[in-house]
Amino acid sequence: MLSEYCTGYQVYLVTGYTDMRKAIDGLAAIVEGVLGKNPCNGGLYLFCGKRRDRLKALIWEKDGYVLLYKRLNNGSFKWPRNETQARELTSQQVRWLLEGLSIEQPKAIREGVRGALY
């Protein structure tokens, strides 16, 4: 369900710890006050707490907010903790995150140099 929502939006991962007791107004205040972004701009914002087994997603639709909550039964999300900022994710990074992988994956195939012959 969460991955279906992610396809139509720019997805922003909010790094650092988030108090998971916060509801819609508290999360929207983080997006506005701390990140300096407008939560009504058509983006999807992902938040994660210290335990890393739960995440919340905040989305503005045309008539109001949607708050999604996901709790893992086993395992944890690989969540960047180094800064308090929003980081835009690609659709592939969102898929990796929701599958329990790090959003920084090493490349399996290196990019080639155009016109290089071996």
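This text goes with the structure placed above it.
This section reports on the structure supplied with the text. Here the structure is a predicted model, which is why all the values come from computation and not from measurement. (Residues numbered from 1 in each chain as written. Predicted model: local features only at pLDDT ≥ 70, side-chain atom pairs only at ≥ 80, totals over all residues. Heavy atoms only, no water.)

1. Description of the side chain of Thr18
Reasoning step 1: Mapped onto the elements, Thr18 comes out in the loop between β1 (10–14) and α2 (24–34).
Reasoning step 2: Residues within four places of Thr18 in sequence aside, it is in contact with Leu27, Ile30, Phe47, Cys48 and Gly49. (Helix = DSSP H or I, 4+ residues; strand = E, 2+ residues; numbered from the N terminus. Contact = heavy atoms within 4.5 Å.)

2. Observations concerning the packing of aromatic side chains
Reasoning step 1: Summed over the entire model, instances satisfying the criterion amount to two aromatic pairs.
Reasoning step 2: Between the aromatic rings of Tyr12 and Tyr45, the centroid separation amounts to 5.2 Å while the plane-to-plane angle is 15°, which identifies the pairing as stacked. Here Tyr45 lies in strand β2 (residues 43–48) and Tyr12 lies in strand β1, a separation of 33 residues in the sequence.
Reasoning step 3: Since its relative accessible area comes to 7%, Tyr12 is described here as buried.
Reasoning step 4: Plain terms: the ring middles of Trp60 and Tyr65 are 4.9 Å apart, the flat faces sit at 75° to each other, and that makes the pair edge-to-face. (Phe/Tyr/Trp six-rings, centres within 6.5 Å; stacked < 30°, edge-to-face > 60°. Buried < 20%, exposed > 50% of the residue type's maximum accessible area, 1.4 Å probe, protein only.)

3. Concerning the side chain of Gln93
Reasoning step 1: Here Gln93 is to be found in helix α3 (residues 91–98).
Reasoning step 2: Since its relative accessible area comes to 13%, Gln93 is described here as buried.
Reasoning step 3: Among the polar contacts made by the side chain of Gln93, one reaches the main-chain carbonyl oxygen of Ile103 at a distance of 3.4 Å. (Polar contact = N/O pair within 3.5 Å; in protein donor to acceptor, adjacent residues only side chain to side chain.)

4. Considering the pattern of salt bridges
Reasoning step 1: Inspection of every chain in the model, using the stated rule, returns four salt bridges.
Reasoning step 2: A salt bridge links Asp53 to Arg51, with the nearest nitrogen and oxygen atoms 3.6 Å apart.
Reasoning step 3: Using a relative accessible area of 12% as the deciding quantity, one classes Asp53 as buried.
Reasoning step 4: In this structure, Glu99 engages Arg95 in a salt bridge whose closest nitrogen and oxygen atoms are separated by 3.9 Å.
Reasoning step 5: Three or more residues are tied together by salt bridges with common partners; here these are Arg51, Asp53 and Arg54. (Salt bridge = Lys/Arg side-chain N within 4 Å of Asp/Glu carboxyl O.)

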